[in-house]
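# Coordinate inspection notes
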Amino acid sequence: MAPMEDISDMPFRSICKEFGADLLFTEFVSAEGLIREADKSSNKMKFSSSERPVGIQIFGGTVEILREAAIIAERSQPDFIDLNFGCPVKKVVVKGGGAALLNDLPKMTAMTEAVVKAVKVPVTAKTRLGWDDSSRNIMEIAERLQDAGIEAISIHGRTRAQLYGGKADWTLIGKVKANPRIKIPVFGNGDITSAIIAKEMKDRYGVDGLMIGRATVGNPWIFRECKAYLQTGVLIPPPSLQERVDVLREHLHRSIEYKGERRTILEMRKFYSGYFRGVPDFKKYRLMLMTVDEIAQVYELIDGIRTFSPPIL
């Protein structure tokens, strides 16, 4: 499961784990936030023992800040620390973090070496193909990061300029995996939206693993479906309406325990479309779910979906 801001929090990670996710990442954590002891950054590092193996992903704009943040993150006893060298969001890039490092490979290398030397847990990295189509330098990036000491690399098949648009290009991911210099595991990321696509990418490009991001939102079953197809070649049925409702209710329950009712009501709104994708006539239910402001109303609407007759509020 890919690290995603406001998505891969502890409640949803735990559900994805139960449906077959082998490896989990926290939301990406600001190095500066950790050093300032900001509650938001510290809270993102919380995870349960049942989630293991789990990594804390951090991003920062300077060598020293990233190094100090890694030391702080290690105190939470993750299984590994992941370095974010691919986030394309402007507020991260303008501070020299995330995908900004694609334009400064010496700095990216220095950051990685500093973190690897500072912590005892394994260090991994997630990055992109390059800054734009004129600088798709992922091969050099992968070699430099491996030489700097990372123990695995995840590659999103887009450039920073693409953000999340266009189509992910896996050909360069495959070339990195095929490079005889690369000895570490290579994980591919981008546009894995079904079990069929997962198997196609795995077979065609020979990657060691698959990282799934946006397709997991409200769809933890994708891990179960992908693993079954990879292992047996059989497509298993999608979740029933009953299961969708039951799992969403559990997600709500865990989220309320973790962050309280008010935040849960607001933050769960991004998940509803995923949980009920393909369900006929769901649009009108979704509009109601997006506007109610009491948790009892949310539960009442969701339970009504079981029979396609949610109450009018």
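Below, the structure is looked at part by part. If you're wondering where the values come from, they're calculated on a predicted model, not measured in any experiment.

## Considerations on the overall build of the chain
A tally of helices and strands in the chain yields 15 helices and eight strands. At 20 Å, the chain has a C-alpha radius of gyration in line with the 20 Å of a compact globule built from 313 residues. In terms of overall dimensions, the chain has a C-alpha envelope of 60 × 45 × 35 Å along the principal axes. Counting all 313 residues of the chain, 54% fall into the buried class. When contacts within the chain are restricted to residue pairs at least 6 apart in sequence, long-range pairs at least 24 apart make up 66% of them.

## Considering the pattern of salt bridges
Counted according to the given criterion, the structure contains 25 salt bridges. In the salt-bridge network here, residues are joined through shared partners; they are Asp9, Lys259, Arg263 and Glu267.

## Focus on helix α15 (residues 295-305)
For α15, the full list of buried residues reads Ile295, Val298, Tyr299, Leu301, Ile302, Gly304 and Ile305. Of the surrounding elements, those touching the buried residues of α15 are α11 (241-259), α12 (261-267), α13 (272-275) and α14 (283-289).

## Quick word on the packing of aromatic side chains
Counted according to the given criterion, the structure contains eight aromatic pairs. Joined through ring pairs, the aromatic side chains of Phe19, Trp221 and Tyr275 make up one cluster.

## Some thoughts on the nonpolar core
Counting residues in each nonpolar core, the largest one holds 90 residues, and the members touching the most others are Ile58, Leu83, Leu252, Tyr272, Tyr275 and Phe276. Examining the composition of this core, we find that six residues originate from one element, α15, more than from any other. The residues contacting Phe276, other than those within four sequence positions of it, are Leu241, Arg244, Val245, Leu248, Phe282 and Ile305.

## Structural notes on the packing of helix α9 (residues 195-205) against helix α10 (residues 221-232)
Direction vectors running N to C along α9 and α10 enclose 50 degrees, while the axes themselves pass 8 Å from each other. By the angle between their axes, α9 is oblique relative to α10. The chirality of how α9 crosses α10 is right-handed. Here Ala195, Ile196, Ala198, Lys199 and Lys202 of α9 come into contact with α10, specifically with Glu225, Cys226, Tyr229 and Leu230. Partitioned by chemical class, the residues of the contact of α9 with α10 number six nonpolar, no polar and three charged.

## Focus on α10
End to end, α10 covers 16 Å across 12 residues, agreeing with the expected 16 Å (1.5 Å per residue, within 8%). Inspection of α10 places Trp221, Ile222, Phe223, Glu225, Cys226, Ala228 and Tyr229 among the buried residues, and these make up the whole buried set. Along its buried surface, α10 packs onto α1 (10-18), α9, α11 and α13. Gly233 sits one or two residues past α10 and shows a positive phi near 75 degrees.

## Here's the deal with the state of the cysteines
Applying the stated criterion to the full structure yields zero disulfides. No disulfide involves Cys16; its sulfur sits 12 Å from that of Cys226, the nearest cysteine. Classification of Cys226 as buried rests on a relative accessible area of 5%.

## Focus: the environment of Thr193
Tracing the backbone through its elements, the reader meets Thr193 in the loop between β7 (186-189) and α9. Spatially, the C-alpha atoms of Thr193 and Ile222 are 7.9 Å apart, while their sequence positions differ by 29 residues. Each residue touching Thr193, except ones within four places of it in the same chain, is listed here: Ala215 and Ile222.

## Some remarks on the packing of helix α6 (residues 105-118) against helix α7 (residues 138-148)
The geometry of α6 relative to α7 is characterised by a closest axis approach of 9 Å and an angle of 25 degrees between their N-to-C directions. When the interaxial angle is binned, α6 and α7 end up roughly parallel. Considering how the two elements wind past one another, α6 and α7 form a crossing that is right-handed. Taking contact as the criterion, the partners of Leu105, Pro106, Met108, Thr109, Thr112, Glu113 and Val116 in α6 are, on α7, Glu140, Ile141, Arg144, Leu145 and Ala148. A class-by-class count of the residues in the contact of α6 with α7 yields seven nonpolar, two polar and three charged.

So, how was this worked out
- Residues numbered from 1 in each chain as written.
- Predicted model: local features only at pLDDT ≥ 70, side-chain atom pairs only at ≥ 80, totals over all residues.
- Heavy atoms only, no water.
- Helix = DSSP H or I, 4+ residues; strand = E, 2+ residues; numbered from the N terminus.
- Rg over C-alpha atoms; globule rule 2.2 N^0.38 Å.
- Buried < 20%, exposed > 50% of the residue type's maximum accessible area, 1.4 Å probe, protein only.
- Contact = heavy atoms within 4.5 Å.
- Salt bridge = Lys/Arg side-chain N within 4 Å of Asp/Glu carboxyl O.
- Phe/Tyr/Trp six-rings, centres within 6.5 Å; stacked < 30°, edge-to-face > 60°.
- Core = buried A, V, L, I, M, F, W, Y, C linked by side-chain atoms within 4.5 Å.
- Axes fitted to C-alpha atoms, helices over the stretch in contact; angles between N-to-C directions.
- Parallel < 35°, antiparallel > 145°, perpendicular 65-115°, else oblique.
- Left-handed = near helix turned anticlockwise from the far one by under 90°.
- Nonpolar A, V, L, I, M, F, W, Y, C, P; charged D, E, K, R; others polar.
- Expected span 1.5 Å × (residues − 1).
- Disulfide = S-S within 2.5 Å.

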